[in-house]
Amino acid sequence: MSPGPARGRTRGQDGGAGRRNPVRQWQLVRAGADAVPPSTRRFMARARQRRMRAALPWAVVAGVLALAGLVAWTVLGTGLFGVREVRVVGAELVTPVEVREAAAVPDDAPLARVDLAATARRVGVLAPVERATVERDWPGTLVIRVVERTPVAAVPQGDRFAVIDRGGVVFQSLPRVPDGLPVIRVGEPAPDDPGTRAGLAVLAALSPQLRAELVSVDVAGLARITVRLHGDRTVFWGDATRGRDKSEVATALLGRKADTMDVSAPDVVTYQ
């Protein structure tokens, strides 16, 4: 009978211990793709696509901005697209070296940052230059186009001759009168000098016949202008007004044997 109670105690002890301290063991098991319902998979796929579509424009914008920043830095902030050459077009009275020095554009300066208008103004300070334009020729050339002044008369200044354009601007000083250039005698030639302007007005009014015979236009005063012709003939012009009428009368008198002609009042002409 003794073995019976022993087995009973053992069961009672084991069973009681099992009920008081249960032990549970967990194990992670990766579910297969077929464990997720198809409707859930479709929902998750659509959610991913929506997130990607929402992020795509921002990604594109960020990429474009980054690329633009890189290009701007390369063009504006580095010498990669710097000035390698300054090409001068149209310069004859001035040398390309003078134009480049006046332009004052440093070598390797970023071509995109060159102030074209300011460069043109600096070149325009050169006396023989009437106007200048500046443009970029990528990747590394600055082109300066020069339009030079056109000489219309020479003004005696001591033992030299000042060459002036139609505006009275002095832009050359030469030891002799260039061939075919008329002479205006005036004190100090300048754009704002009344005598210079009067002499140029008379010169512009002369007919081709008078120009062919012209020696000089002498401006002794604003109302004392004389046109000197070959053969020691003189035409007293008076002031610079009514230039066309005076020119017609003086041209008509060229065939007369007259050394002196007064056309200062073209309606009443005298000659001798």
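Just so we're clear, the structure is a prediction, and the values are computed from it rather than from any experiment. (Residues numbered from 1 in each chain as written. Predicted model: local features only at pLDDT ≥ 70, side-chain atom pairs only at ≥ 80, totals over all residues. Heavy atoms only, no water.)

1. So, the overall build of the protein
Phase 1: In terms of helices and strands, the protein carries seven helices and twelve strands.
Phase 2: Expressed as a percentage of its 272 residues, the buried residues of the protein come to 31%.
Phase 3: Put simply, 44% of the contacts in the protein that link residues at least 6 apart link residues at least 24 apart.
Phase 4: Total accessible area computed for the protein in this model is approximately 17,700 Å², and 57% of it derives from carbon and sulfur atoms. (Helix = DSSP H or I, 4+ residues; strand = E, 2+ residues; numbered from the N terminus. Buried < 20%, exposed > 50% of the residue type's maximum accessible area, 1.4 Å probe, protein only. Contact = heavy atoms within 4.5 Å. Areas by Shrake-Rupley, 256 points an atom, 1.4 Å probe, with all protein chains shown as cover.)

2. What about the sheet that holds strand E12 (residues 270-271)?
Note on sheets: strands pair through backbone hydrogen bonds, and any given pair is parallel or antiparallel.
Phase 1: If you walk across this open sheet you meet the six strands as E7-E8-E9-E10-E11-E12, and the pairing is mixed. The open sheet has two free edges, formed respectively by strand E7 (184-185) and E12, since each of these has just one partner strand.
Phase 2: Relative to E12, strand E11 (residues 260-262) runs antiparallel, the two being bridged by two bridges. From the neighbouring strand, Asp-262 faces E12, where its bridge partner is Thr-270.
Phase 3: Along the sheet, helix H5 (residues 194-205) makes contact with E7, strand E8 (214-221), strand E9 (224-229) and strand E10 (233-238), crossing E8 at roughly 145 degrees. (Pairing = 2+ DSSP bridges. Axes fitted to C-alpha atoms, helices over the stretch in contact; angles between N-to-C directions.)

3. Some words on H5
Phase 1: With twelve residues, H5 extends 17 Å from end C-alpha to end C-alpha; this agrees with the ideal 16 Å at 1.5 Å per step.
Phase 2: Of all the residues in H5, the buried ones are Gly-195, Thr-196, Ala-198, Gly-199, Leu-200, Val-202 and Leu-203. (Expected span 1.5 Å × (residues − 1).)

4. Remarks on the pairing of strand E1 (residues 85-89)
Phase 1: Alternating positions in E1 separate cleanly, Val-86 and Val-88 being buried on one face and Glu-85, Arg-87 and Val-89 remaining unburied on the opposite face.
Phase 2: The pairing of E1 with strand E3 (residues 141-148) spans five bridges and is parallel. Bridge pairing in E3 links Val-89 to Arg-145.

5. Some remarks on the sheet that holds E3
Phase 1: Taken together, three strands build an open sheet; the order of strands is E1-E3-E2 and the sheet is mixed. Each edge of the sheet is formed by a strand with only one pairing partner; in this case those strands are E1 and strand E2 (129-137). Shown here is a sheet whose adjacent strand axes are inclined to one another by a mean of 20 degrees, direction ignored.
Phase 2: Here helix H3 (residues 96-103) sits on the sheet and contacts E1 and E3; the angle it forms with E1, its principal contact strand, is near 125 degrees.
Phase 3: Across the sheet, helix H4 (residues 116-124) is in contact with E2 and E3; its angle to E2 comes to roughly 145 degrees.

6. Description of the pattern of salt bridges
Phase 1: Here the structure, examined in full by the defined rule, presents 15 salt bridges.
Phase 2: Between Arg-233 and Glu-213 there is a salt bridge; the shortest N-O distance is 3.5 Å. Here the residue Arg-233 occupies a position in strand E10, and Glu-213 occupies one in helix H6 (residues 208-213), the gap between them amounting to 20 residues.
Phase 3: One connected set of salt bridges, linked through shared partners, spans Glu-85, Arg-87 and Asp-137. (Salt bridge = Lys/Arg side-chain N within 4 Å of Asp/Glu carboxyl O.)

Functional significance is not addressed by these values, which are geometric in nature.
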